[in-house]
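Listed here are the chains, written in short residue letters.
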Amino acid sequence: MRARIEPGPVSGIVTAPSSKSYTQRAYAAALLHKGNTVVYHPGVSDDERASLNIVQQLGAVITSKTAEKTEFTSNGVAPAPDTIICGESGLAARLFTPIAALSDKALTITGSGSLLKRPMEGFAEVFPQLGIQLPGFEKYLPASIQGPVKATNVKMNADGGSQLLSGILFALCDCATEKITITVSGLKSKPYIDMTLEVLEQSGRKVINNNYKEFVIDPALFVTKNNLDIHVEGDWSSAAFFMVAGAIAGSVTIKNVNPVSKQADKAILEVLAAAGANVIIDSEGITVSSAQLSAFEFDATDCPDLFPALAILAACCEGESSIAGVHRLFYKESNRVESITEMLQSFGVHFSVEEDTLFIEGMNKLNGTLIDSYNDHRIAMAAAIGALRAAGPVDITNPMCVNKSYPGFFRDLALCGGRSVMLDG
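Residues numbered from 1 in each chain as written. Predicted model: local features only at pLDDT ≥ 70, side-chain atom pairs only at ≥ 80, totals over all residues. Heavy atoms only, no water.

(A) Examining the overall build of the chain more closely. Looking only at helices and strands, one finds 12 helices and 23 strands in the chain. For the chain, the C-alpha radius of gyration of 21 Å lies close to 22 Å, the compact-globule estimate for 425 residues. Taking the principal axes of its C-alpha atoms as reference, the chain extends roughly 60 × 45 × 40 Å. Taking all 425 residues of the chain together, the buried fraction comes to 59%. Long-range contacts, defined here as pairs at least 24 residues apart, represent 74% of the contacts in the chain between residues at least 6 apart. When the accessible surface of the chain is totalled, it reaches about 16,000 Å², and 48% of it is carbon and sulfur. (Helix = DSSP H or I, 4+ residues; strand = E, 2+ residues; numbered from the N terminus. Rg over C-alpha atoms; globule rule 2.2 N^0.38 Å. Buried < 20%, exposed > 50% of the residue type's maximum accessible area, 1.4 Å probe, protein only. Contact = heavy atoms within 4.5 Å. Areas by Shrake-Rupley, 256 points an atom, 1.4 Å probe, with all protein chains shown as cover.)

Rendered as structure tokens:
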């Protein structure tokens, strides 16, 4: 299947979907909370569905489910199956593997598609410290694990990302009986750890953060809660695409995003301001409208999911923009160094990659073309937004890969006046 996007202006209102990263953390909290939990406004993307299945496999029971909320009861980790399936979600794999190891049951953690090609960095380094056995592990899923987790001080290098650290924080907060310290070096994506700490604190498990180098877990600081309520925020990484659409092709108002969120991708506001877009934040939401855009410089190391949207923004700015943090792109749903630069090349945009930085020379009109999405949800969405500024129609392969994070993307594009059709072949 292909999607064909026609160029043209956009104008409208979009309600951002729920943050899949927040939903997945909320589900982890629901599993570990011994009692009743209500998660309000969980998302429905493929990654969120995978995490919902995981927490049920690990012992959480859904007592009620509506479009607005999901209610759980749990008595902690008690795996039913021998194999835990994570779909294609890298966060689910890294978040729930140490949580699953709270049990003493031998388990296999696996996934599907691109997840099986993404290295599980840190497993071999950290799990032995926690008493988790990893027989025959060779960097990738599937992985055999044998717990239970031993509550002890841990040292880890997190230069590959923050997801495993999030899982370890959840697991150790569940099993610690005395003060323990996680010592961390090279941490990337710090805002994602802020999100984890926020959800843990909502669960009554406050963790002391010493400048992202030490995390102190002290059960003396924990507060027992009989019932747990977690409200999932709107997703800044999804909203960013429509903010870029407004900046390059009209005006879009985005609702359901928190301007003071701890989500890393809120940094899109900083970039839009630097590029000269018109941004208004009021009670109606965040409105971004087009203006004369100029080149910008930005380091996306802590928010690599913004890279595809930023590449399209840069392609429509006058002058040469630079986006640092290329090393964070290799092990996503695609090798995004390859998929982003091929997208730019198809659009006729001049670019270069020098060491850790992507340089992009903006142009007035992009080419009408065929874009290979690489079955990567963020590439498909970026290409669709870029099509708005193209000289002719843009076809995108495998467009429904957007279901991984934003199933309603093409519907919302149409609500803003974007014209798209789905084609066979």
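(B) Summary view of the pattern of salt bridges. The tally for this structure, following the rule as stated, stands at 19 salt bridges. One salt bridge in this structure joins Lys 105 and Asp 82, with 3.3 Å as the shortest N-O distance. Here Lys 105 is found in the loop between helix 3 (90-100) and strand 7 (106-110), whereas its partner Asp 82 is found in the loop between strand 5 (69-74) and strand 6 (83-85), with 23 residues between them in sequence. Under the relative-accessibility criterion, Lys 105 is labelled partly exposed at 24%. Glu 201 is paired through a salt bridge with Lys 206; the nearest N and O atoms lie 4.0 Å apart. For Glu 201, a relative accessible area of 43% gives the class partly exposed. Through salt bridges with shared partners, a single ionic network connects Lys 20, Asp 47, Arg 118, Asp 305, Lys 332, Glu 333, Arg 336, Asp 376, Arg 378 and Lys 404. (Salt bridge = Lys/Arg side-chain N within 4 Å of Asp/Glu carboxyl O.)

(C) Looking closely at the sheet that holds strand 16 (residues 285-289). Sheet architecture is open: 4 strands sit in the order 2-14-16-15, paired in mixed fashion. Only two strands of the sheet have a single neighbouring strand rather than two, namely strand 2 (10-15) and strand 15 (278-282). Ignoring which end each strand starts from, the neighbouring axes of this sheet average 10° apart. Where strand 15 and strand 16 come together, 5 bridges link them in antiparallel fashion. Looking at the pairing, Asn 278 lines up with Ser 289 of strand 16. Sitting on the sheet, helix 7 (residues 236-249) is in contact with strand 2, strand 14 (250-255) and strand 16, with an inclination near 160° to strand 14. (Pairing = 2+ DSSP bridges. Axes fitted to C-alpha atoms, helices over the stretch in contact; angles between N-to-C directions.)

(D) How the structure looks around the side chain of Thr 196. Mapped onto the elements, Thr 196 comes out in helix 6 (residues 190-202). When near neighbours in sequence (up to four residues on either side) are disregarded, Thr 196 contacts Arg 25, Ser 166, Leu 169 and Phe 170.

(E) Highlighting the sheet that holds strand 7. Spatially, the 3 strands line up as an open sheet ordered 6-7-8, and their pairing is mixed. For this open sheet the edge positions go to strand 6 and strand 8 (143-146), each flanked by a neighbour on one side alone. Going from strand to strand, the sheet's axes swing by 30° on average, the running direction of each strand aside. Bridge count for strand 7 against strand 8 is 4 bridges, and the pairing is antiparallel. The residue of strand 8 that forms the bridge with Leu 107 is Ile 145.

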